[in-house]
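# Analysis of the macromolecular model
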Amino acid sequence: MSNGPVVTLDGPAGSGKSSTARAVARRLGFRHLDSGALYRALTLALLESGLAEEEWDGLDEDAMRALDVRLAPRPDGFDVIVGGRVVVEELRSAEVTSRVAHLAGLAPSRASLLSLQRAAGAHGRLVADGRDMGTAVFPDADVKVYLVADLDERARRRLRDEGVDEPTSEDLERQSEAIAGRDLADSEREHSPLRMPDDAHLIDTTRLGFEEQVDAIVALVEGLG
Ligand code: CDP
(Lines give C-alpha, C1' and ligand atoms only; values in the text may rest on other atoms or scores of the structure.)
Protein backbone atom coordinates (compact mmCIF):
# COMPACT_ATOMS: atom_id res chain seq x y z
CA MET A 1 0.00 0.00 0.00
CA SER A 2 1.21 3.45 -0.85
CA ASN A 3 1.56 5.89 2.06
CA GLY A 4 1.26 9.07 0.09
CA PRO A 5 1.24 10.67 -3.33
CA VAL A 6 3.65 10.24 -6.19
CA VAL A 7 4.21 13.44 -8.18
CA THR A 8 5.86 13.37 -11.61
CA LEU A 9 7.57 16.21 -13.47
CA ASP A 10 8.55 15.58 -17.07
CA GLY A 11 9.79 17.89 -19.77
CA PRO A 12 12.65 18.75 -22.12
CA ALA A 13 16.21 19.65 -21.14
CA GLY A 14 16.55 22.90 -19.21
CA SER A 15 12.84 23.30 -18.47
CA GLY A 16 13.68 23.48 -14.77
CA LYS A 17 12.46 20.01 -13.79
CA SER A 18 15.16 18.96 -11.37
CA SER A 19 15.46 22.19 -9.40
CA THR A 20 11.67 22.55 -9.30
CA ALA A 21 11.17 18.92 -8.26
CA ARG A 22 13.76 19.30 -5.49
CA ALA A 23 12.07 22.42 -4.13
CA VAL A 24 8.57 20.89 -4.36
CA ALA A 25 9.78 17.79 -2.51
CA ARG A 26 11.39 19.93 0.20
CA ARG A 27 8.18 21.94 0.70
CA LEU A 28 6.07 18.78 0.98
CA GLY A 29 8.58 16.77 3.03
CA PHE A 30 8.74 14.16 0.24
CA ARG A 31 11.79 12.54 -1.34
CA HIS A 32 13.07 13.76 -4.69
CA LEU A 33 14.13 11.32 -7.43
CA ASP A 34 16.21 12.76 -10.29
CA SER A 35 15.84 9.97 -12.85
CA GLY A 36 18.15 11.74 -15.30
CA ALA A 37 20.92 11.19 -12.77
CA LEU A 38 20.42 7.43 -13.17
CA TYR A 39 20.86 7.62 -16.95
CA ARG A 40 23.87 9.85 -16.42
CA ALA A 41 25.28 7.36 -13.87
CA LEU A 42 24.90 4.47 -16.31
CA THR A 43 26.67 6.57 -18.95
CA LEU A 44 29.48 7.38 -16.50
CA ALA A 45 29.84 3.70 -15.59
CA LEU A 46 30.10 2.77 -19.28
CA LEU A 47 32.69 5.48 -19.94
CA GLU A 48 34.69 4.21 -16.96
CA SER A 49 34.41 0.62 -18.19
CA GLY A 50 36.39 1.62 -21.27
CA LEU A 51 33.89 0.00 -23.63
CA ALA A 52 33.79 1.94 -26.91
CA GLU A 53 30.52 3.84 -27.46
CA GLU A 54 29.79 1.88 -30.66
CA GLU A 55 29.59 -1.26 -28.51
CA TRP A 56 26.93 0.08 -26.14
CA ASP A 57 24.11 -0.89 -28.51
CA GLY A 58 25.03 -4.57 -28.16
CA LEU A 59 24.63 -4.70 -24.36
CA ASP A 60 21.67 -6.58 -22.91
CA GLU A 61 19.77 -5.81 -19.70
CA ASP A 62 22.03 -8.06 -17.58
CA ALA A 63 25.11 -6.26 -18.86
CA MET A 64 23.50 -2.91 -17.99
CA ARG A 65 22.63 -4.19 -14.51
CA ALA A 66 26.20 -5.40 -14.04
CA LEU A 67 27.31 -1.76 -14.25
CA ASP A 68 25.95 -1.62 -10.72
CA VAL A 69 24.21 1.75 -10.56
CA ARG A 70 22.29 2.04 -7.26
CA LEU A 71 20.17 4.43 -5.26
CA ALA A 72 20.64 4.91 -1.53
CA PRO A 73 17.81 6.74 0.27
CA ARG A 74 18.48 9.96 2.17
CA PRO A 75 15.80 11.86 4.11
CA ASP A 76 15.26 14.28 1.21
CA GLY A 77 16.16 12.15 -1.80
CA PHE A 78 18.60 9.54 -2.99
CA ASP A 79 22.35 9.29 -3.42
CA VAL A 80 23.34 7.83 -6.77
CA ILE A 81 26.06 5.23 -6.40
CA VAL A 82 28.38 4.00 -9.15
CA GLY A 83 30.98 1.34 -8.36
CA GLY A 84 30.35 1.81 -4.64
CA ARG A 85 30.92 5.59 -4.58
CA VAL A 86 28.43 8.45 -4.40
CA VAL A 87 28.60 10.51 -7.61
CA VAL A 88 27.38 14.08 -8.08
CA GLU A 89 29.52 16.49 -10.15
CA GLU A 90 30.84 13.79 -12.48
CA LEU A 91 27.30 13.18 -13.68
CA ARG A 92 27.11 16.68 -15.20
CA SER A 93 30.40 16.52 -17.14
CA ALA A 94 30.33 17.42 -20.85
CA GLU A 95 31.49 13.88 -21.66
CA VAL A 96 28.46 12.37 -19.93
CA THR A 97 25.99 15.02 -21.14
CA SER A 98 26.86 14.53 -24.80
CA ARG A 99 26.40 10.74 -24.63
CA VAL A 100 23.52 10.23 -22.23
CA ALA A 101 20.72 10.54 -24.81
CA HIS A 102 22.32 7.74 -26.86
CA LEU A 103 22.42 5.45 -23.84
CA ALA A 104 18.89 6.43 -22.78
CA GLY A 105 17.57 5.41 -26.21
CA LEU A 106 18.62 1.78 -25.68
CA ALA A 107 15.82 -0.45 -24.36
CA PRO A 108 18.11 -2.52 -22.07
CA SER A 109 19.33 0.60 -20.29
CA ARG A 110 15.74 1.68 -19.58
CA ALA A 111 14.71 -1.81 -18.45
CA SER A 112 17.71 -2.06 -16.12
CA LEU A 113 16.70 1.16 -14.30
CA LEU A 114 12.95 0.57 -14.09
CA SER A 115 12.82 -1.45 -10.87
CA LEU A 116 15.16 1.00 -9.09
CA GLN A 117 12.83 3.87 -9.95
CA ARG A 118 9.64 2.02 -9.03
CA ALA A 119 11.16 0.92 -5.71
CA ALA A 120 11.90 4.59 -4.96
CA GLY A 121 8.19 5.35 -5.30
CA ALA A 122 6.81 2.21 -3.68
CA HIS A 123 5.82 4.03 -0.49
CA GLY A 124 4.62 7.24 -2.13
CA ARG A 125 5.74 10.68 -0.89
CA LEU A 126 7.97 11.03 -3.96
CA VAL A 127 8.55 13.80 -6.50
CA ALA A 128 10.18 12.21 -9.55
CA ASP A 129 11.52 14.18 -12.50
CA GLY A 130 12.64 13.05 -15.93
CA ARG A 131 11.30 12.28 -19.40
CA ASP A 132 9.00 9.32 -18.85
CA MET A 133 8.02 9.53 -15.17
CA GLY A 134 4.31 10.11 -15.87
CA THR A 135 4.11 7.92 -18.97
CA ALA A 136 6.18 4.78 -18.34
CA VAL A 137 7.58 4.64 -14.81
CA PHE A 138 4.68 5.97 -12.70
CA PRO A 139 1.64 5.88 -15.02
CA ASP A 140 -0.66 5.93 -11.96
CA ALA A 141 0.99 8.95 -10.32
CA ASP A 142 -1.33 11.18 -8.30
CA VAL A 143 -0.16 14.46 -9.85
CA LYS A 144 1.57 14.74 -13.22
CA VAL A 145 3.21 17.93 -14.42
CA TYR A 146 4.80 18.68 -17.79
CA LEU A 147 7.18 21.64 -17.75
CA VAL A 148 8.11 23.52 -20.89
CA ALA A 149 10.02 26.74 -21.64
CA ASP A 150 11.24 28.47 -24.81
CA LEU A 151 14.50 27.10 -26.19
CA ASP A 152 16.28 30.45 -25.81
CA GLU A 153 15.29 30.67 -22.14
CA ARG A 154 16.37 27.08 -21.52
CA ALA A 155 19.77 27.77 -23.11
CA ARG A 156 20.17 30.88 -20.91
CA ARG A 157 19.38 28.84 -17.79
CA ARG A 158 21.89 26.13 -18.69
CA LEU A 159 24.58 28.74 -19.31
CA ARG A 160 23.76 30.39 -15.98
CA ASP A 161 24.16 26.99 -14.28
CA GLU A 162 27.61 26.85 -15.89
CA GLY A 163 28.46 30.30 -14.50
CA VAL A 164 27.89 32.25 -17.76
CA ASP A 165 25.58 35.10 -16.73
CA GLU A 166 26.00 37.29 -19.81
CA PRO A 167 26.15 34.92 -22.76
CA THR A 168 27.27 36.02 -26.22
CA SER A 169 25.05 35.16 -29.17
CA GLU A 170 27.55 32.37 -30.03
CA ASP A 171 27.23 30.93 -26.51
CA LEU A 172 23.46 30.96 -26.86
CA GLU A 173 23.53 29.37 -30.28
CA ARG A 174 25.89 26.60 -29.22
CA GLN A 175 23.88 25.81 -26.08
CA SER A 176 20.54 25.95 -27.95
CA GLU A 177 21.86 23.50 -30.55
CA ALA A 178 23.07 21.06 -27.88
CA ILE A 179 19.73 21.20 -26.06
CA ALA A 180 17.68 20.92 -29.25
CA GLY A 181 19.76 17.91 -30.33
CA ARG A 182 19.09 16.11 -27.06
CA ASP A 183 15.37 17.04 -27.17
CA LEU A 184 15.12 15.56 -30.65
CA ALA A 185 16.87 12.32 -29.60
CA ASP A 186 14.66 12.07 -26.49
CA SER A 187 11.42 12.76 -28.39
CA GLU A 188 12.03 10.57 -31.40
CA ARG A 189 13.39 7.49 -29.73
CA GLU A 190 11.34 4.30 -29.89
CA HIS A 191 11.45 3.42 -26.18
CA SER A 192 9.69 5.72 -23.69
CA PRO A 193 10.04 8.88 -25.79
CA LEU A 194 9.63 12.28 -24.19
CA ARG A 195 5.98 13.24 -24.45
CA MET A 196 3.42 14.96 -22.30
CA PRO A 197 1.25 12.46 -20.38
CA ASP A 198 -2.42 12.84 -21.39
CA ASP A 199 -3.41 13.59 -17.81
CA ALA A 200 -0.57 16.04 -17.03
CA HIS A 201 -0.83 19.70 -16.04
CA LEU A 202 1.13 21.77 -18.56
CA ILE A 203 3.21 24.57 -17.01
CA ASP A 204 5.20 26.97 -19.21
CA THR A 205 8.04 28.31 -17.07
CA THR A 206 9.44 30.78 -19.64
CA ARG A 207 8.04 33.78 -17.81
CA LEU A 208 7.27 32.26 -14.41
CA GLY A 209 9.37 32.96 -11.36
CA PHE A 210 10.85 29.89 -9.69
CA GLU A 211 8.77 30.27 -6.52
CA GLU A 212 5.59 30.68 -8.60
CA GLN A 213 6.11 27.37 -10.36
CA VAL A 214 6.93 25.62 -7.10
CA ASP A 215 3.81 27.12 -5.47
CA ALA A 216 1.64 26.01 -8.41
CA ILE A 217 2.77 22.39 -8.12
CA VAL A 218 2.57 22.29 -4.32
CA ALA A 219 -1.01 23.62 -4.62
CA LEU A 220 -1.90 20.77 -7.00
CA VAL A 221 -0.62 18.22 -4.48
CA GLU A 222 -2.27 19.91 -1.51
CA GLY A 223 -5.50 20.01 -3.50
CA LEU A 224 -5.62 16.21 -3.76
CA GLY A 225 -7.72 16.02 -0.61
O1 CDP B 1 18.95 18.06 -16.62
P2 CDP B 1 18.64 17.71 -18.05
O3 CDP B 1 17.21 17.94 -18.41
O4 CDP B 1 19.60 18.29 -19.01
O5 CDP B 1 18.89 16.20 -18.21
P6 CDP B 1 18.63 15.03 -17.20
O7 CDP B 1 17.28 15.12 -16.57
O8 CDP B 1 19.81 14.91 -16.30
O9 CDP B 1 18.58 13.79 -18.20
C10 CDP B 1 19.70 13.47 -19.00
C11 CDP B 1 19.24 12.58 -20.14
O12 CDP B 1 18.80 11.33 -19.60
C13 CDP B 1 18.10 13.07 -20.99
O14 CDP B 1 18.53 13.88 -22.08
C15 CDP B 1 17.48 11.77 -21.49
O16 CDP B 1 18.17 11.32 -22.63
C17 CDP B 1 17.74 10.81 -20.36
N18 CDP B 1 16.57 10.58 -19.50
C19 CDP B 1 15.61 9.71 -19.93
O20 CDP B 1 15.71 9.18 -21.03
N21 CDP B 1 14.55 9.40 -19.14
C22 CDP B 1 14.42 9.97 -17.94
N23 CDP B 1 13.39 9.64 -17.19
C24 CDP B 1 15.37 10.91 -17.50
C25 CDP B 1 16.43 11.21 -18.31
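Figured I'd write up the structure that's included with this text. Every value quoted in this text rests on a predicted model; they were computed, and no experiment measured them.

### Some points on the sheet that holds strand S7 (residues 143-148)
Across a sheet, paired strands are connected by hydrogen bonds in the backbone, their directions being either parallel or antiparallel. Strand order across the open sheet formed by five strands is S2-S6-S1-S7-S8, with parallel pairing between neighbours. Both edges of this open sheet fall to strand S2 (31-34) and strand S8 (201-204), since each of them pairs with a single strand only. Along the sheet, successive strands turn relative to each other by an average axial angle of 20°, direction set aside. Along the sheet, helix H2 (residues 35-49) contacts S2 and strand S6 (126-130); its crossing angle with S2, the most-contacted strand, is approximately 40°.

### Considering the pattern of salt bridges
Any two side chains of opposite charge can pair, given that their charged atoms come close. Under the counting rule described, the total for this entry stands at 19 salt bridges. Arg85 is paired through a salt bridge with Glu48; the nearest N and O atoms lie 2.8 Å apart. With Arg85 in strand S5 (residues 85-86) and Glu48 in helix H2, this residue pair connects regions lying 37 residues apart in the sequence. Among the ionic pairs, Glu53 bridges to Arg99, the shortest N-O distance being 3.2 Å. Taken together, the positions of Glu53 in the loop between H2 and helix H3 (61-65) and Arg99 in helix H4 (residues 94-104) put the pair 46 residues apart, joining distant regions of the chain. Judged by its relative accessible area of 25%, Glu53 falls in the partly exposed class. The partly exposed category is assigned to Arg99, whose relative accessible area is 23%. Through salt bridges with shared partners, one network takes in Arg27, Glu211 and Asp215.

Criteria and cut-off values
- Residues numbered from 1 in each chain as written.
- Predicted model: local features only at pLDDT ≥ 70, side-chain atom pairs only at ≥ 80, totals over all residues.
- Heavy atoms only, no water.
- Pairing = 2+ DSSP bridges.
- Helix = DSSP H or I, 4+ residues; strand = E, 2+ residues; numbered from the N terminus.
- Axes fitted to C-alpha atoms, helices over the stretch in contact; angles between N-to-C directions.
- Contact = heavy atoms within 4.5 Å.
- Salt bridge = Lys/Arg side-chain N within 4 Å of Asp/Glu carboxyl O.
- Buried < 20%, exposed > 50% of the residue type's maximum accessible area, 1.4 Å probe, protein only.

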